[in-house]
Amino acid sequence: MAQQAAQYLLEFEKPLYELEQKLDEMRTYDKEDASVDLSREIDALAQRVELLRQSIYKDLTRWQRVLIARHPLRPYTKDYIEALTTDFTEQHGDRTYADDPAIVGGFARFKGSRFGHRDETVMIIGHQKGRDTKSRKYRRFGMPNPEGYRKALRLMKLAAKFNKPVVTLLDTPGAYPGLEAEERGQAEAIARNLLEMARLPVPIVVVIIGEGASGGALGIGVGDRILMLENSWYSVISPESCSSILWRSWDYKEDAARALKLTATDLIRFNIIDEIIPEPLGGAHRDPKSTFQTVGTHIARHLNARAASSL
């Protein structure tokens, strides 16, 4: 894990990584050579590392949060499904055209008893990215085609038929922009989902776990409760696309991110989301187990609240 983290090191993390490496070297040398006592120096350096870590991650810019949301080691939908549920039965196809691997979903048993709720069957649906070149191509980097949204709608209606709550996990750079997607009704599929989700008779808890771009995210993002991980982002357009439109270049993506106000802190202030889910210092990929526990607890609490209000 440490080697992978080093491989995907973000630019602003490099000073911290160098200090952490130095601290590891000192600790190793101290263990191997009993004739030298480096405990005082190690403690001092450990304090420096912690202070630097706090200063970097407690004051992130909007663009830096976008980069963390896109981190290749960040947990994806299937990771959350594995951690938070049992007996997941994936459903395929929209019964009209094809299956879309950019969206996964199916009934699963939510481990509610671990998070202050009861174990219950839910319909869980989310965008799925790939970990390597082959899987990224297969899942189109989590960018759904119309059949993905139609599959999601079919599953939500199935949940309504059996009176089961729906949990959706958002993590997409946008709906697939290809010509074939437009030919098969991309805009209509997303619009239909917005209409149907708004009147679905069962609770919907939406969790933005990474990227939430435009209609690609909103197509499964209408819910009774909208939760957002601390280092995720949610916006009508990505910073790069915004920069390209306004300045004819991607060079102003950081300015675009600031102007879009796309972070969890921004969106809760505008009452667009209901709650921010805290992440481990440095991002969800630094401690996935802790992230799963926190997300599960938040989902359980809102399922409890919706059950209490008989929705």
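Every residue gets a number counted from 1 within its own chain, in the order that chain's sequence is written. In keeping with the model being predicted, local features are shown solely for residues with a pLDDT of at least 70 and side-chain atom pairs are shown and tallied solely at 80 or more, while totals for entire chains, interfaces and linings include all residues. Computation of side-chain values covers all heavy atoms of the structure but excludes hydrogens and water.

Engineer: Run through the pairing of strand β2 (residues 103-110), naming residues and quoting values.
Structural biologist: Most of β2 sits out of view: seven of its eight residues are buried. For strand β1 (residues 85-90) and β2, the ladder comprises four bridges, and the chain directions are antiparallel. Looking across to β2, one finds that T85 is bridged to F110. The sheet contact formed by β2 and strand β3 (residues 120-127) spans eight bridges and is antiparallel. Looking across to β3, one finds that A108 is bridged to V122. Working definition: with a 1.4 Å probe on protein chains only, accessible area under 20% of the residue-type maximum means buried, over 50% means exposed, and in between means partly exposed. Starting at the N terminus, helices and strands are each numbered in turn, a helix being any DSSP run of H or I of at least four residues and a strand any DSSP run of E of at least two. In this description, strands pair whenever DSSP reports at least two bridges between them.

Engineer: Account for the pattern of salt bridges, naming residues and giving values.
Structural biologist: Salt bridges are identified by distance alone: a Lys or Arg side-chain nitrogen within 4 Å of an Asp or Glu carboxyl oxygen. As enumerated under the stated definition, the model contains 23 salt bridges in all. Between K14 and E11 there is a salt bridge whose closest N-O contact spans 3.1 Å. A relative accessible area of 60% places E11 in the exposed class. Between R192 and E196 there is a salt bridge, and its shortest N-O distance comes to 3.9 Å. Residue R192 and its partner E196 are located together in helix α9 (residues 186-198), separated by four residues, close to a single helical turn. Under the relative-accessibility criterion, E196 is labelled buried at 12%. Bridged by salt links that share partners, the residues E13, E20, E50, R53 and R286 form one connected network.

Engineer: Lay out the pairing of β3 in plain terms, naming residues and giving numbers.
Structural biologist: With seven of its eight residues buried, β3 lies for the most part within the structure. In the sheet, β3 pairs with strand β4 (residues 166-172) via four bridges, with the strands oriented parallel. Along β4, the bridge assignment pairs G126 with L169.

Engineer: Give a detailed account of empty space enclosed by the protein, specifying residues and quantitative values.
Structural biologist: Lining residues are defined by having an atom within 4 Å of a point belonging to a cavity or pocket. Those points lie on a 1 Å grid over the protein atoms alone, cavities being sets where a 1.4 Å probe fits but cannot get out and pockets being open sets with protein on both sides within 12 Å along at least five of seven lines. Grid points are joined across faces, edges and corners, and a volume is the space filled by probe spheres set on the points. Counted according to the given criterion, the structure contains one cavity of 30 Å³ or more. In this model, the largest cavity occupies a volume close to 40 Å³. Considering the residues around the largest cavity, the lining is formed by L84, T85, F110, V122, I124, V167 and I299. Of the residues belonging to the lining of the largest cavity, the class tally is six nonpolar, one polar and no charged. Classification used: nonpolar for Ala, Val, Leu, Ile, Met, Phe, Trp, Tyr, Cys and Pro, charged for Asp, Glu, Lys and Arg, polar for all others including Gly.

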